Amino acid sequence: MKAIVVHAARDLRIEDHDMPQAGPGQVLVRMAAGGICGSDLHYYQHGGFGSVRLREPMILGHEVAGHITATGPGVDALSEGQLVAISPSRPCHDCRFCHAGTPQHCLNMRFYGSAMPYPHIQGAFREYIVADAAQCVPADGLSAAEAAMAEPLAVCLHAAKQAGDLMGKRVLVTGCGPIGQLCVLVARAAGAVEVVATDIAAFTLATARSAGASRVINMAETQDGLADYHADKGHFDVHFECSGAAPALVAAIPALRPGAILIQLGLGGDMTLPVQAMTAKEISFRGSFRFHPEFRTAVAMMQGGQIDVTPLVTHSYPLAEAGAAFEMAADRSQAIKAHIVF
Ligand SMILES: [Zn+2]
Ligand SMILES: [Zn+2]
């Protein structure tokens, strides 16, 4: 079976790997769809991000869905042929953070396609994968492409949980890549009355508008795009920062009202923050990283029709054209989420 393996920056190979077999409590899944994430792109373009570097070849991918082709002993709740969204989050359930109910901080996390630990945790861009039954969420009624969006949607649901109640709130989303788009959808579904989205690409902003943003602002075209929201000490109650770019965060601070909550999702390297202004406005800065229970919620919200992710999957490529898929995924002038079809 074939797998997409990154060896170094710009060195992506399609390689043959041994066919895995499902053990007790496990299932064998024939992969159907896999979404290319920002982290996959960082490994492909730069060989890592921040202090995380590739030190050995690694199979990429963690946003996946497929059909069960075999079940191991003791698996009753899943059946052959079923479409499942596979959660890449594999905490140990036995460290102090797992016991404290924060498995996203697990000391022994084995998140697919991650070069944080060494040996690296191999990813899920492969024709077949063996997964624990507990990772697999039945995705009846969804397409494989939708099911593969459960992971980034779960990231945004986790971020929304950090923000607290969004009912009636005025929300700012900076950065309209896939995570920003999903934050727009989640904020709307959670009752936000106003969602303003910013980016520097016209294409992503148009998509954000159709995803439900009340207004979109192209920060590349204007010096002070958020000036309308500066009066009376600022306007927005909650800010989802999805760009990871310092200028986006800095420009947003004057538009946040005192006591606003800033949720940082974007990971673009370290940034200098306007701490003085944030302190004087008593802005709460909260990081948001991965998810765990939100994965099931993400599948359920798509099945229930509360969130429609289909317009966000703008491209899909066969496995053999993985290189082209990665190039497209990085092109914000025409792509939101690029998928690989296995
Ligand atoms: Zn992802
Ligand atoms: Zn743990």
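The model shown is predicted, which means the values in this text are computed figures rather than measured ones.

Looking at the overall build of the protein chain
- Along the backbone of the protein chain there are ten helices and 18 strands.
- Rg of the C-alpha trace for the protein chain: 20 Å, near the compact-globule value of 20 Å for 342 residues, within the 12% margin.
- Along the three orthogonal principal directions, the C-alpha set of the protein chain runs to about 65 × 40 × 35 Å.
- Across the 342 residues in the protein chain, those meeting the buried criterion constitute 53%.
- Within the protein chain, counting contacts between residues at least 6 apart in sequence, those at least 24 apart form 66% of the total.
- Summing over all exposed atoms, the protein chain offers an accessible surface of approximately 14200 Å²; the carbon and sulfur share of this is 52%.
- Positive and negative side-chain charges in the protein chain, numbering 24 and 31 respectively, have mean positions lying 5 Å apart.

A few points about unusual backbone geometry
- Put simply, Y118 and P119 share a cis peptide bond, and its omega is -5°.
- With respect to the helices, strands and loops of the structure, P119 is situated in the loop between α2 (96–99) and β9 (128–132).
- Positioned with a positive phi, R290 is a non-glycine residue whose angle comes to about 55°.

Some thoughts on the coordination of the zinc ion (ligand 1)
- The protein atoms donating to the zinc ion (ligand 1) are C37 (SG), H62 (NE2), E63 (OE) and E151 (OE), with metal-donor distances spanning 2.2 to 2.6 Å.
- For the zinc ion (ligand 1), the four donor atoms are set out with angles of 83 to 168° between them, so the coordination reads as irregular.
- Here the donor residues of the zinc ion (ligand 1) share one chain and are spaced in sequence as C-x24-H-E-x87-E. Of this pair, C37 sits in the loop between β3 (26–35) and α1 (38–46) while H62 sits in the loop between β6 (58–59) and β7 (63–71); the two residues are 25 residues apart in sequence, bridging distant segments of the chain.
- The class of H62 is buried, set by a relative accessible area of 4%.

With respect to α1
- Within α1 the residues assigned to the buried category are S39, D40, L41, Y43 and Y44.
- Backbone geometry just after α1 places G47 at a positive phi near 75°.

Focus on the layout of surface pockets
- In this model, the largest pocket occupies a volume close to 1400 Å³.
- As for the largest pocket, its lining consists of 49 residues, and the residues nearest its centre are G38, C242, S243, G266 and L267.
- Elements supplying a minimum of two residues to the lining of the largest pocket: α1, α4 (150–163), α5 (178–189), β12 (194–199) and α7 (246–252).
- When residues in the lining of the largest pocket are grouped by element, the largest group, six residues, is from α1.
- In terms of residue class, the lining of the largest pocket is built from 28 nonpolar, 15 polar and six charged.
- Space inside the second largest pocket adds up to approximately 370 Å³.
- What lines the second largest pocket is a set of 14 residues, among which G266, L267, G268, G269 and D270 lie closest to the centre.
- By residue class, the composition of the lining of the second largest pocket is five nonpolar, eight polar and one charged.

Examining the coordination of the zinc ion (ligand 2)
- At 2.3 to 2.4 Å from the zinc ion (ligand 2) lie its protein donor atoms, namely C92 (SG), C95 (SG), C98 (SG) and C106 (SG).
- Around the zinc ion (ligand 2) sit four donor atoms, and with donor-metal-donor angles ranging over 100 to 121° the site reads as tetrahedral.
- Spacing between the donor residues of the zinc ion (ligand 2) along the chain follows C-x2-C-x2-C-x7-C. You'll find C95 and C98 in the same group, each marked buried.

Quick word on the sheet that holds strand β13 (residues 215–218)
- Strand order in the open sheet formed by six strands is β13-β12-β11-β14-β15-β16, and the pairing between neighbours is parallel. Each edge of the open sheet is held by one strand with a lone partner, namely β13 and β16 (284–287). For this sheet, the mean angle separating the axes of adjacent strands, direction not counted, is 20°.
- Relative to strand β15 (residues 256–264), strand β14 (residues 236–241) runs parallel, the two being bridged by five bridges. Bridged to E241 within β15 is Q264.
- Along the sheet face, helix α6 (residues 202–211) touches β12 and β13 and points at about 170° away from the line of β13.

Cut-off values and rules
- Residues numbered from 1 in each chain as written.
- Chains lettered and ligands numbered in written order.
- Predicted model: local features only at pLDDT ≥ 70, side-chain atom pairs only at ≥ 80, totals over all residues.
- Heavy atoms only, no water.
- Helix = DSSP H or I, 4+ residues; strand = E, 2+ residues; numbered from the N terminus.
- Rg over C-alpha atoms; globule rule 2.2 N^0.38 Å.
- Buried < 20%, exposed > 50% of the residue type's maximum accessible area, 1.4 Å probe, protein only.
- Contact = heavy atoms within 4.5 Å.
- Areas by Shrake-Rupley, 256 points an atom, 1.4 Å probe, with all protein chains shown as cover.
- Lys, Arg positive; Asp, Glu negative; His and termini not counted.
- Charge placed at Lys NZ, Arg CZ, Asp CG, Glu CD.
- Donors = N, O, S within 2.8 Å, 3.2 Å for Na, K, Ca; no water.
- Tetrahedral: all angles 85-135°; square planar, octahedral: opposite > 155°, others 65-115°.
- 1 Å grid on protein atoms, 1.4 Å probe; cavity = no way out; pocket = protein on both sides within 12 Å on 5 of 7 lines; lining within 4 Å.
- Points joined across faces, edges and corners; volume = space filled by probe spheres on them.
- Nonpolar A, V, L, I, M, F, W, Y, C, P; charged D, E, K, R; others polar.
- Pairing = 2+ DSSP bridges.
- Axes fitted to C-alpha atoms, helices over the stretch in contact; angles between N-to-C directions.

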